[in-house]
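Given next are the chains, with one letter for each unit.
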Amino acid sequence: MDLTNNTNPNPTGQWTVQSGYPNINLYLKNTGSQSFRVEVKHYAKGTVIFNQTISADGVGRNYYNNDSNPLVPSGTYTVTVYAGTATPKGTITMKASDTPW
């Protein structure tokens, strides 16, 4: 999800985890003026696999969930960015793997 030209304070997107690829790498980079929070939630089950806040320092960070705390079921996920009154700017990238990161 590219937030470079974003104008929505709480943008959403979807992402799908294929069966057999439960190890997830979430990359966040905030190039805006205020911190924002990213929530990745399973659409049908309601399981939140990421709930991360990233500061507005322009530094990219990786977060991992290697199918634990919580488990990562396959299926569609909703990715929601919460920025409050600010408009989030930056990059959100997710990758799935069959081996841990």
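Whatever comes next refers back to the structure up there.
Thresholds applied
- Residues numbered from 1 in each chain as written.
- Predicted model: local features only at pLDDT ≥ 70, side-chain atom pairs only at ≥ 80, totals over all residues.
- Heavy atoms only, no water.
- Pairing = 2+ DSSP bridges.
- Helix = DSSP H or I, 4+ residues; strand = E, 2+ residues; numbered from the N terminus.
- Axes fitted to C-alpha atoms, helices over the stretch in contact; angles between N-to-C directions.
- Core = buried A, V, L, I, M, F, W, Y, C linked by side-chain atoms within 4.5 Å.
- Buried < 20%, exposed > 50% of the residue type's maximum accessible area, 1.4 Å probe, protein only.
- Contact = heavy atoms within 4.5 Å.
- Salt bridge = Lys/Arg side-chain N within 4 Å of Asp/Glu carboxyl O.
- Lys, Arg positive; Asp, Glu negative; His and termini not counted.

Let us now look at the sheet that holds strand E2 (residues 23-30). The strands making up a sheet associate through hydrogen bonds between their backbones, and the pairing can be parallel or antiparallel. Reading across from one edge, E5-E2-E7 is the order of the three strands in this open sheet, with antiparallel pairing throughout. With one partner strand each, in any of the chains shown, strand E5 (61-66) and strand E7 (90-97) form the two edges of the open sheet. Here the average twist between neighbouring strands, direction ignored, is 15 degrees. In this sheet, E5 lies alongside E2 in antiparallel orientation, the contact comprising six bridges. Bridge pairing in E5 links Ile24 to Asn65.

The biggest cluster of nonpolar side chains holds 20 residues, and the ones touching the most others in it are Ile24, Val38, Val40, Phe50, Ile92 and Met94. Elements with a minimum of two residues in this core: strand E1 (12-17), E2, strand E3 (36-42), strand E4 (48-54), strand E6 (75-82) and E7. Those residues in contact with Met94 that lie beyond four places of it in its chain are Trp15, Ile24, Asn25, Leu26, Val40, Phe50 and Val79.

This part covers the pattern of salt bridges. Pairs can form between side chains of opposite charge once their charged atoms are near each other. The full count for this structure, using the stated rule, is one salt bridge. A salt bridge links Arg61 to Asp57, with the nearest nitrogen and oxygen atoms 2.7 Å apart. A residue is classified by how much of its surface remains accessible, and Asp57, at 39% relative accessible area, is partly exposed.

Residue position: Glu39 is located in strand E3. One buried charged residue, Glu39, remains without a salt bridge, the closest side chain of opposite sign being Arg37 at 4.0 Å. Excluding residues that lie within four positions of it along the chain, Glu39 makes contacts with Val48, Phe50, Asn51, Thr78, Val79, Thr80 and Tyr82.

Let us now look at the sheet that holds E3. Ordered by their spatial adjacency, four strands build an open sheet running E1-E6-E3-E4, and the pairing between neighbours is antiparallel. Strand pairing shows two members of the sheet lacking a second neighbour, E1 and E4, which therefore form its edges. Averaged over neighbouring strand pairs, the angle between their axes works out to 20 degrees when direction is ignored. With six bridges connecting them, E1 and E6 associate as antiparallel partners. Opposite Gln14, over in E6, you have Thr78 as the bridge partner.

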